[in-house]
Amino acid sequence: MNQDLAKKTVEQLQKAGIDFITYLPETRLSGILPLLEAQSSFQLVAVASEAEAITIASGAALVGKQSACYMEGTGLFVCSYNLLTVSVRLGIPLLLLISYVGSFADHRNSFRFAPTGIKTEAQLKALNIEYQVLVHSDDIETKTAEAVRMMHALKQPVALLFTGDFTT
Amino acid sequence: MKRNECLEALVPHITDHLVVPGVSGQWIWGQISKRDGNLLLGSLGNALGVGLGMALGLPHRKVIVLESDGSVLLSLFNLPTLGTLNPANLVVFVFDNEAYSGSRISRPTATAAKTDLAAIAKDAGVSYAVTVRDIDAFKREAALAVKENGLRFIVVKVEETFEHRKAERSDVDLLESKYRFVRYIEKTEGIKVFRGRG
């Protein structure tokens with residue numbers, strides 16, 4: 001992801017009111033991390049597993065934080081149990097920022113990512129998690145705010161899958 | 001030492017604390033501590049992470065997590081994160097009966113053999129991680145942990161008991177428990193947790 005797009009992504013998260021982000025570093029969107037760190041409005045929590053990215057963000061959401069979890073697409077499979085047993089079951093608004101590795105528009109797609117990537121949307125559907133796919137850089141302007149509105153309206157996790165322009 | 005006597009000894013210390021019981025002891029805790037500051041989770045491997053998130057989100061409120069050996073073993077990745085973040089307002093009690101007693105065939109957990117959860121927590125960076133083996137030690141640790149500042153990870157070696165199998169199940173389900181908890185936070189913190197519109 002180029003620097004401008006990383007900046008735009010962080011601005012949109014801030015504008016949407018996100019103030020607590022758990023994360024495990026990955027490759028496609030990693031440009032957002034130094035920008036998130038530079039903004040005091042974000043409380044950033046580095047974790048050891050996507051599973052605890054979900055539980056920690058859920059706990060923070062229950063005490064008033066506007067929580068997001070940033071992870072690679074493969075992490076969705078790691079944290080599916082926690083999503084299902086905590087966030088989905090209890091109904092906790094969470095924004096899932098997922099790099100859609102292994103998708104058709106992933107510029108760095110390879111044999112490493114495609115076999116799991118093609119299962120990503122099916123996994124979200126199985127978990128009953130609504131999602132939007134962001135392919136073009138302009139998508140960030142509207143889809144972040146829409147996803148945050150939806151997560152509050154549903155009181156459920158909602159996912160943004162980043163591919164295309166976001167994976168260069 | 002029995003888990004229930006520990007929970008009963010803990011109750012008088014609870015005031016405005018946020019309490020997250022894991023699966024172990026959840027029904028007993030719900031019966032002896034009827035308050036909206038308890039969040040019922042009803043699943044293994046999640047209470048420590050959820051409690052940690054609460055502690056980070058509200059650093060001026062004390063959060064108490066009631067965990068078990070099987071549940072912590074399922075989510076060992078929490079321990080390095082706990083040690084790294086070191087939240088001063090979090091207390092974790094791990095009731096370690098050395099068995100998967102929920103399974104009804106009581107297979108031993110790794111703590112029945114060589115695994116020492118307090119030692120693992122300590123090596124993961126949790127500076128105050130201890131094991132208590134009798135009720136007097138538990139009472140001392142519990143009183144201090146609730147009163148003093150600082151992250152504490154207290155492994156409580158308990159007998160395997162089966163009272164929980166007979167304990168009455170709560171008629172408050174997970175959703176109602178969540179709303180009660182959230183309204184309690186809103187009331188005591190003067191904040192809005194859920195938005196009507198994002």
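The residue numbering used here restarts from 1 in each chain and proceeds along that chain's sequence as written. A letter from A marks each chain and a number from 1 marks each ligand, given out in the order of writing. Since the coordinates come from a predicted model, pLDDT governs what is reported: local features require at least 70, and pairs of side-chain atoms require 80 or more to be given and counted, while whole-chain, interface and lining totals use all residues. Processing note: side-chain calculations cover all non-hydrogen atoms of the structure and skip hydrogens and water entirely.

## Things to note about the overall build of chain B
Going by this rule: Where helices and strands are cited, they refer to DSSP runs of H or I of at least four residues and of E of at least two residues respectively, numbered from the N terminus. Here the globule rule is a power law, 2.2 Å times the number of residues to the power 0.38, and the radius of gyration is based on C-alpha atoms. When a residue's accessible area, from a 1.4 Å probe over protein chains only, is under 20% of the maximum for its type it is buried; when over 50% it is exposed; and in between it is partly exposed.
Regarding its fold elements, chain B presents nine helices and seven strands. For 198 residues, the compact-globule estimate of 2.2 N^0.38 gives 16 Å, and the C-alpha radius of gyration of chain B, at 16 Å, lies within 12% of that figure. Projected onto the principal axes, the alpha-carbon positions of chain B cover approximately 50 × 40 × 30 Å. Within the span of chain B, comprising 198 residues, buried residues form 55% of the whole.

## Let's talk about the overall build of chain A
Keep this limit in mind: Residues count as neighbours in contact if any of their non-hydrogen atoms are within 4.5 Å of one another.
Along its length, chain A carries eight helices and six strands. Over its C-alpha trace chain A gives a radius of gyration of 14 Å, about what one expects of a compact globule, namely 15 Å for 168 residues. When its C-alpha atoms are laid out on the principal axes, chain A stretches across 40 × 35 × 30 Å. Out of the 168 residues belonging to chain A, those deemed buried represent 60%. When contacts within chain A are restricted to residue pairs at least 6 apart in sequence, long-range pairs at least 24 apart make up 77% of them.

## Structural notes on the pattern of salt bridges
Heads up, the rule is: We define a salt bridge as a side-chain nitrogen of Lys or Arg found within 4 Å of a carboxyl oxygen belonging to Asp or Glu.
Inspection of the entire model under this criterion finds eight salt bridges over all chains. Among the ionic pairs, K8 of chain A bridges to E141 of chain A, the shortest N-O distance being 3.9 Å. Of this pair, K8 of chain A sits in helix 1 (residues 3–15) while E141 of chain A sits in helix 8 (residues 139–154); the two residues are 133 residues apart in sequence, bridging distant segments of the chain. Notably, a salt bridge pairs E189 of chain B with R61 of chain B, separated by 2.8 Å at the nearest N-O pair. Residue E189 of chain B is located in helix 9 (residues 174–189), and its partner R61 of chain B is located in the loop between helix 3 (47–57) and strand 2 (63–68); the two are separated by 128 residues in the primary sequence. Overall, the relative accessible area of 5% leaves R61 of chain B in the buried class. Residues joined in a network through salt bridges with shared partners are D16, R61 and E189 of chain B.

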